[in-house]
Amino acid sequence: MIIQLQQGIPAELKENILQQIKEVGFKGNEVQTQEGHYIVGIGKKDFDIRTIGQLPGVADIHRVSDEYKLISRKWKVEPTRIDLGDGVIIGEGQFSIMAGPCSIESEKQIELVVQHLVENNVKIMRGGVFKPRSSPYAFRGLGLEGLQLFHRICREHGIKIITEVMQVSQIEDMIDYVDVFQVGARNSQNFNLLDALGEAQKPVLLKRGISGTIEELLQAAEYIFSNGNEKIMLCERGIRGYENAYRNILDLNAVPVLKAKTHLPVIVDPSHGIGLRDYVEEMSLAAVMAGADGVIYETHQKPEEAYSDGQQTLNFKESERMIRRMRQTYSLRESF
Ligand code: PEP
Ligand code: MN
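Calculation notes
Residues numbered from 1 in each chain as written. Chains lettered and ligands numbered in written order. Predicted model: local features only at pLDDT ≥ 70, side-chain atom pairs only at ≥ 80, totals over all residues. Heavy atoms only, no water. Helix = DSSP H or I, 4+ residues; strand = E, 2+ residues; numbered from the N terminus. Rg over C-alpha atoms; globule rule 2.2 N^0.38 Å. Buried < 20%, exposed > 50% of the residue type's maximum accessible area, 1.4 Å probe, protein only. Contact = heavy atoms within 4.5 Å. Areas by Shrake-Rupley, 256 points an atom, 1.4 Å probe, with all protein chains shown as cover. Lys, Arg positive; Asp, Glu negative; His and termini not counted. Charge placed at Lys NZ, Arg CZ, Asp CG, Glu CD. Donors = N, O, S within 2.8 Å, 3.2 Å for Na, K, Ca; no water. Pairing = 2+ DSSP bridges. Axes fitted to C-alpha atoms, helices over the stretch in contact; angles between N-to-C directions. Salt bridge = Lys/Arg side-chain N within 4 Å of Asp/Glu carboxyl O. Parallel < 35°, antiparallel > 145°, perpendicular 65-115°, else oblique. Left-handed = near helix turned anticlockwise from the far one by under 90°. Nonpolar A, V, L, I, M, F, W, Y, C, P; charged D, E, K, R; others polar. Polar contact = N/O pair within 3.5 Å; in protein donor to acceptor, adjacent residues only side chain to side chain. Patch = residues over 30% accessible without salt bridge, like charges linked within 9 Å, V, L, I, M, F, W, Y side chains within 5 Å.

Within an unreviewed UniProt entry, the label attached to the protein chain reads 3-deoxy-7-phosphoheptulonate synthase, and the organism entered is Pontibacter burrus.

See below:
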């Protein structure tokens, strides 16, 4: 159930509502959005919602009959925009580019990538310091120290940071050094992590699971929102199918479908989506035309020497060309 509170509700009335929710066996989470102030009641007992609906301070009450509600267009028609500060905004009306290496490797590497981004007016750098790797023997990232280095260099150049968080215990250590937490495909249904990110109040880019359905992605996003964090973007990064001519199947069908179902920004990752450097540009342009609000991709000064995902990583020349062509394609799309 979702309880809409009256504007400027006094603390004691809110406490009373939370208390009453507890008494009917529900857990109450406070959610403050750009639109209003809510309490989300989580539980499964059936009761007459009017008992809560008539309490002082309640503006409206809704029963949640769908699997997800807060992230849906039915709940909020206006698109959500996520403000990272310093004029960096993600969402409809903007085309966001997030680029960088698969893994953060060294100070020199960060500096070279930052310089490439600055030259191309790209404001958000990606790079993993905690890496989920299929093999336990592969490079697993520089960890918190790498993140602090990443943060220092990016801050000097006004670049925002997106990086993957793999478990709840890392959130607290990472939060001061991150602008957007990435939830990777392997953690797309790590519900404890989603709950904790809902409480963390930092923007989250939530990737679709390796074999995740659209429905599962939306429900995962609802976990974050229903814990109080509305700053979520969804990311299509390819799903597993039977085809093995490329790494994954970049499901661009997901873009217009997600855009219709939710008010959240939709970002496409063509690097993991196709997994082959030569075709990343084509898929990124297709993503723009499909209606994506942004693209996240991998670039490195020497892809052949990258510690991870070199086969799908663009060098700076390829990256520069792709940035130019994505922007041209976005202008074309917006002129229709
Ligand atoms: C990554 O962004 O480098 C990554 C590991 O992505 P995914 O979770 O989509 O595999
Ligand atoms: Mn990668």
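Chemist: In this structure, what is going on with the overall build of the protein chain? I would like to understand it.
Modeler: Broken down by element type, the protein chain carries 11 helices and 14 strands. A compact globule built from 336 residues should have a C-alpha radius of gyration of about 20 Å, and the protein chain, at 21 Å, falls within 12% of that. Summarising its shape, the C-alpha atoms of the protein chain cover approximately 65 × 45 × 40 Å along the three principal directions. Sorting the 336 residues of the protein chain into buried and exposed places 55% on the buried side. Put simply, of all contacts in the protein chain between residues at least 6 apart along the chain, 68% involve residues at least 24 apart. Of the roughly 15,200 Å² that the protein chain leaves accessible, carbon and sulfur atoms contribute 47%. In the protein chain, the 39 positive side-chain charges and the 46 negative ones have mean positions that sit 2 Å from each other.

Chemist: Mind showing me how you'd approach the coordination of the manganese ion (ligand 2) here?
Modeler: Reference geometry at the metal: tetrahedral coordination by four donors gives ideal angles of 109.5 degrees; octahedral coordination by six donors gives 90 or 180 degrees. At 2.0 to 2.4 Å from the manganese ion (ligand 2) lie its protein donor atoms, namely C102 (SG), H272 (NE2), E298 (OE) and D309 (OD). Every donor residue of the manganese ion (ligand 2) comes from the same chain, spaced as C-x169-H-x25-E-x10-D. With H272 in helix α9 (residues 270-274) and D309 in the loop between β14 (294-298) and α11 (316-335), this residue pair connects regions lying 37 residues apart in the sequence. A relative accessible area of 14% means that D309 is categorised as buried.

Chemist: How do you make sense of the sheet that holds strand β2 (residues 27-32) when you look at a structure like this?
Modeler: The strands that make up a sheet pair up through hydrogen bonds in the backbone, lying either parallel or antiparallel. Spatial ordering of the open sheet is given by β2-β3-β1-β4, a layout of four strands whose pairing is antiparallel. One side of each edge strand has no neighbouring strand; the edge strands of this open sheet are β2 and β4 (58-62). Pairs of neighbouring strands in the sheet enclose a mean axial angle of 20°, with direction left out of account. Taken together, the six bridges between β2 and strand β3 (residues 37-42) define a ladder with antiparallel strand orientation. Each bridged residue has a counterpart across the sheet, and for Q32 the counterpart in β3 is H37. Contacts between helix α1 (residues 11-23) and the sheet are confined to β1 (2-5), β2, β3 and β4, with β3 contributing the most and set at about 15° to the helix.

Chemist: In this structure, what is going on with the pattern of salt bridges? I would like to understand it.
Modeler: Within this structure, the stated rule accounts for 18 salt bridges. Between R155 and D179 there is a salt bridge, and its shortest N-O distance comes to 2.9 Å. Here the residue R155 occupies a position in helix α4 (residues 143-156), and D179 occupies one in the loop between α5 (168-174) and β10 (180-183), the gap between them amounting to 24 residues. Here D309 ties to R247 by a salt bridge, and the two come within 3.1 Å at their closest N and O atoms.

Chemist: Could you clarify how one ought to interpret the sheet that holds strand β8 (residues 124-126) in this entry?
Modeler: Judged by pairing direction, the barrel is parallel, and its eight strands sit side by side in the order β7-β8-β9-β10-β11-β12-β13-β14 before closing back on the first. Each adjacent strand pair in this sheet contributes to an overall mean axis angle of 25°, direction not counted. Strand direction decides the pairing type here: strand β13 (residues 266-268) and β14, joined by two bridges, are parallel. In the strand pairing of β14, V268 is matched with V295. Strands β12 (232-236) and β13 of the sheet are contacted by helix α8 (residues 254-261), whose axis makes an angle of about 165° with β13. Where α11 meets the sheet, its contacts fall on β7 (96-100) and β14, and the angle it forms with β14 comes to roughly 170°.

Chemist: Would you mind showing me how to read the side chain of K69 here?
Modeler: Relative to the elements of secondary structure, K69 occurs in the loop between β4 and β5 (82-83). Of the residues examined, K69 reaches a relative accessible area of 16% and is grouped as buried. Beyond its immediate stretch of four places on either side in the chain, K69 contacts I2, H62, R63, V64, W75 and E222.

Chemist: Help me out: how do you make sense of the packing of helix α3 (residues 107-119) against α11 in this one?
Modeler: Look at α3 against α11: their axes get within 11 Å of each other, and the N-to-C directions meet at 30°. Accordingly, the angle class assigned to the pair α3 and α11 is roughly parallel. Between α3 and α11 the crossing geometry is right-handed. Along its contact with α3, which presents L112, V113 and H116, the element α11 presents F316, S319, E320 and I323. For the contact of α3 with α11, the class distribution of residues is four nonpolar, two polar and one charged.

Chemist: Would you explain the environment of R155 in this entry?
Modeler: For R155, a relative accessible area of 36% translates into the label partly exposed. In this structure the C-alpha to C-alpha distance between R155 and D86, which are 69 residues apart in sequence, comes to 11 Å. In this structure, R155 is in contact with K160 and D179, ignoring residues within four places of it in sequence. Side-chain polar atoms of R155 contact the side chain of D179, separated by 2.9 Å.

Chemist: Just to check I follow, could you spell out a nonpolar patch on the surface for this structure?
Modeler: There is a patch of nonpolar side chains on the surface, built from M289, L332 and F336 and spanning about 340 Å² of accessible area. In this fold, M289 is placed in helix α10 (residues 277-290). With a relative accessible area of 35%, M289 lands in the partly exposed category.

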